[in-house]
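Report on the structure
Read off the chains here:
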Amino acid sequence: MSTAIYPGSFDPVTYGHLDIIKRSSRMFDQVVIGVLINKSKKPLFSAEERVNMIAEVTKDLENVSVVAFDGLLVEFAKQMKANIVVRGLRAISDFEYELQIAQTNHALEPDVDTMFLTTNVQYSYVSSTTVREIASFGGDISDFVPAYVKNKVEEKFKYNIAMPAPTFYSQFSSEISVNKILNGFIKIGFDDVFEVARGAEYVSAATRQILAEGKCKKPVISSACPVIMRLICLRF
């Protein structure tokens, strides 16, 4: 019985990934989707969430399973009794990187080979990073991911917190992590919406004051943050 592994972060899984998964499932008896747990990065979705999403959108593929893993890919391949690693190529730039990884894996474990599949041209520009970026600014990602995944991604970026201005100000009375509102929208009691862009660690005192007093008339760049924060204020 032939078994192949298709590894990746899948944060989130896209139509491009699904294209590779479906094609692989027709080539091998068993395909194991290996969801990488990279402890050096902070993914949008936990490993468990990614596994569950992929399992949901591949549930009609009987010979496909989903497993989270960390450590060396070749060790995971041996655990799964797989001797083929499937990788998708979107462009020539992908090939140079993937070739080095494939050669390294083969040096570590000669019984493990890598098979490259060129991505369907329809999805050649789609990546998980692109999906996250578009979703973080409220864009439509329905052309890039299945409806189930789309809903999960949008849930991650939506923070609808209704509260009057004084309570809203008290929320920022100390330096709190922007992770709670990063990439999302917060709706306050008087129906004004603002967006905190990527990259900020904390909301500065100056920005909190502007928000509390309702003085924002145009986009504000807050250089008081450890990382420059772009704040887009609407209808103040």
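Figured I'd write up the structure that's included with this text. The structure presented is a predicted model; accordingly, all values stated were derived computationally and were not measured.

We now examine unusual backbone geometry. With an omega of 5 degrees, the peptide bond running from D11 to P12 counts as cis. For P12, the position within the fold is in the loop between β1 (3-8) and α1 (15-27). Positive phi, close to 50 degrees, is recorded for F10, a residue that is not glycine. Within the element layout of this structure, F10 appears in the loop between β1 and α1.

Attention shifts here to the sheet that holds strand β4 (residues 84-89). The pairing of strands in a sheet comes from backbone hydrogen bonds and takes either a parallel or an antiparallel form. A sheet is described by the order of its strands in space; here 5 strands give the open sequence β3-β2-β1-β4-β5, paired in parallel fashion. A strand with exactly one partner marks an edge of an open sheet, and here the two such strands are β3 (64-69) and β5 (113-118). Looking at each pair of strands side by side, their axes are set apart by 30 degrees on average, direction ignored. When β1 meets β4, the two strands line up parallel, connected through 2 bridges. Across the sheet, residue I5 finds its bridge partner in β4, namely V85. Running over the sheet, helix α4 (residues 92-108) touches β4 and β5 and is turned about 160 degrees from β5.

A word on the nonpolar core. Within the largest apolar cluster, 30 residues are counted, with the highest numbers of intra-cluster contacts made by Y6, F10, I33, I54, V86, I141 and V153. If near-sequence neighbours (up to four positions away) are discounted, V86 is found in contact with A4, I5, Y6, P7, I20, S24, F28, M115 and L117. Core analysis: the next-biggest nonpolar cluster, separate from the first, contains 9 residues, V32, F69, F76 and V85 among them.

Cut-offs and rules
Residues numbered from 1 in each chain as written. Predicted model: local features only at pLDDT ≥ 70, side-chain atom pairs only at ≥ 80, totals over all residues. Heavy atoms only, no water. Helix = DSSP H or I, 4+ residues; strand = E, 2+ residues; numbered from the N terminus. Pairing = 2+ DSSP bridges. Axes fitted to C-alpha atoms, helices over the stretch in contact; angles between N-to-C directions. Contact = heavy atoms within 4.5 Å. Core = buried A, V, L, I, M, F, W, Y, C linked by side-chain atoms within 4.5 Å. Buried < 20%, exposed > 50% of the residue type's maximum accessible area, 1.4 Å probe, protein only.

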